[in-house]
Amino acid sequence: MIDALPATGVSAAQVLAELRELRAADLPTHGGRLFAYVYDADVAGLDELAQAAYALSSHVNGLDPTAFPSLLAMENALVGAAARLLGGTGETVGTVTSGGTESILLAVKAARDARPEIDRPRIVMPSTAHAAFAKAGHYLRVDLDVVPVGPDLRADPAAMRAAIRYETVLVVASAPSYAHGVIDPVTEIAEAAAGLDVRCHVDACFGGWVLPYLRRLGAELPAFDLSVPGVTSISVDLHKYAYAPKGVSVLLHRDQALRLPQYFAHADWPGYTMINPGVASTRSGGPIAAALAVLRHLGDAGYLDLARETREAVVTLAAAVQATDGVRLYAPTETTVVCLTTEDGVDPFVLADELAARGWHTQPQMGYGKLPPTIHLTVTAAVRPTTGAFVSDLADAVAATRARGPVELPADLVATAGALTPAAVTPQLVAGLAAGLGLADGAAGPMAAVNTLLNAAPPALREALLTGFLSLLQRPTR
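No experiment lies behind these values; they were computed from the predicted model shown.

Asks: What is the right way to read helix H5 (residues 132-140) from this model?
Replies: Residues spaced three or four apart along an α-helix point in a common direction, a consequence of the helix completing one turn every 3.6 residues. Within H5 the residues assigned to the buried category are Ala132, Phe133, Ala136, Gly137 and Leu140. Down the axis of H5, the sector holding all buried residues measures 145 degrees, keeping them to one side. Away from its buried face, by an angle of more than 90 degrees, H5 presents the exposed residues His138 and Tyr139. Buried residues along H5 sit against helix H4 (100-113), strand E2 (122-126), strand E3 (143-147), strand E4 (168-174) and strand E5 (199-203).

Have a look at this one:
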């Protein structure tokens, strides 16, 4: 354990050594073996450039752009690049945020505050829309009308239109959806929203920076950006397929009038007048400078090359899934996601463990309604050199999964879980469950039993259990 405030300071060398030791326990952020959470371009020198740019502006405060015009210039440059890439015009404006969740929250705030006459504003969104919209609705007291998707996993435009009512302030589409990597029919959804004078936001946080390049490489992808009539805003994360360091997203609005309700302003107090385009007031310039450095270093041609490498990796991985008995593609691989499911008695959660044992870290996804559990692979450019090894390891992992058989939870654990309600989940109960599953100290390891238990739990109970587990982990060092 680390004492963050020792009686006397320790040397810089020791501090860095301690940080390196802590980092050694993390999943690998480079090397093309982690299919979630991080985005690796595998470009020599890119990390060092981003770190140097970050250091140059880390103490610059985005609270007041008149005090630090360098940061204003960087933000405007990033917004301009995103607007050009995503169908913007000379009227398009935008904001640099800390990530996709903040971008989505601000899009919801702008839509809500643009309609102050509505007491109970609502969002119409497909069931595959990112959970950040539920978070925004929770924070901002906006109700959700969640519309089931069609059998192709895409939003159903007719059902979406039917769900729009007087209280609807925003309609949502994904480009692509995170879970499955498919693009919603944005043109039809935006047309329906515009016809009823409702804003339409496209969540392109996940793939917005790579889709235009995939299209230039010949991919037949539907229109999804600000070039589509009726789309009023769109979000794109630069810390995903723009390969910038974590903490940079862009929210674009079609024009300034649409963006104005996004701002928060308060002058009715003795201090300075607070005016914020985003959630945070003080913002470090480090991530913004790093993102600008990465974009300028890679350039348009560099991103086209990275998209090509990513697409080649997706094709290879998809072919491996199709050629392996016991697994199959669950969704079309039209973007940068390989989403697979299992069949013939192959347990998906055991398979995820077997892949992890071979150095491949995937993202298991629980079943949802009639949708089965799946395994999600976010594919980046760094994956391409590793695809050959994955192909052989996938076959071995499936064979090992068959040999192990599906997870069988202890009868007493099943009985306990079956009687649980969210209200019954206490810190003591979570601690006992964690100890029984070998997770009392948060140690990483085989997760098939845990995922099987969570998959069997209704969503509300799953939320309570995982919230309790995260609270168990987030305790002060004594």
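Asks: When you look at the layout of surface pockets in this model, what are you seeing that I'm missing?
Replies: The method is simple in principle: a probe with the dimensions of a water molecule rolls over the atoms, and the space it marks as empty is what remains. In this structure, the second largest pocket spans a volume of roughly 450 Å³. His30, Tyr39, Asp47, Ala244 and Pro245 are, among the 19 residues lining the second largest pocket, the residues nearest its centre. Among the elements that make up the lining of the second largest pocket, the one with the highest residue count is helix H2 (residues 46-57) (five residues).

Asks: Help me understand the pattern of salt bridges in this model?
Replies: Side-chain pairs of opposite charge can arise where the charged atoms are in close proximity. Here the structure, examined in full by the defined rule, presents 18 salt bridges. A salt bridge links arginine 122 to aspartate 145; the nearest nitrogen and oxygen atoms lie 2.8 Å apart. In this pair, arginine 122 is assigned in strand E2 and aspartate 145 in strand E3, connecting sequence segments 23 residues apart. Judged on exposure class, the residue arginine 122 and its partner aspartate 145 are both buried.

Asks: What am I meant to see in the sheet that holds strand E11 (residues 337-342) here?
Replies: Within a sheet, adjacent strands bond to each other through the backbone by hydrogen bonds, running parallel or antiparallel. The sheet built from four strands is open, its strands ordered E10-E11-E13-E12 with antiparallel pairing. Each of the sheet's edge strands pairs with one partner strand only, and the pair in question is strand E10 (327-329) and strand E12 (363-365). The mean inter-strand angle of the sheet, taken between neighbouring strand axes irrespective of direction, is 30 degrees. Summarising the sheet, E11 and strand E13 (residues 374-378) pair through four bridges and their orientation is antiparallel. Residue pairing across strands places leucine 340 opposite isoleucine 375, the latter belonging to E13.

Asks: Please explain empty space enclosed by the protein as it appears in this structure.
Replies: A complete count under the given rule lists four cavities of 30 Å³ or more for this structure. In this structure, the largest cavity spans a volume of roughly 50 Å³. Looking at the largest cavity, the residues that line it are Pro28, Thr29, His30, Gly31, Gly32, Arg33, Leu34, Val38, Asp40, Thr380 and Val383. Here the residues of the lining of the largest cavity are counted per class, giving four nonpolar, five polar and two charged.

Rules of the game
Residues numbered from 1 in each chain as written. Predicted model: local features only at pLDDT ≥ 70, side-chain atom pairs only at ≥ 80, totals over all residues. Heavy atoms only, no water. Buried < 20%, exposed > 50% of the residue type's maximum accessible area, 1.4 Å probe, protein only. Helix = DSSP H or I, 4+ residues; strand = E, 2+ residues; numbered from the N terminus. Arc of directions from axis to C-beta. Contact = heavy atoms within 4.5 Å. 1 Å grid on protein atoms, 1.4 Å probe; cavity = no way out; pocket = protein on both sides within 12 Å on 5 of 7 lines; lining within 4 Å. Points joined across faces, edges and corners; volume = space filled by probe spheres on them. Salt bridge = Lys/Arg side-chain N within 4 Å of Asp/Glu carboxyl O. Pairing = 2+ DSSP bridges. Axes fitted to C-alpha atoms, helices over the stretch in contact; angles between N-to-C directions. Nonpolar A, V, L, I, M, F, W, Y, C, P; charged D, E, K, R; others polar.

None of the figures reported here should be taken as evidence of function without further support.
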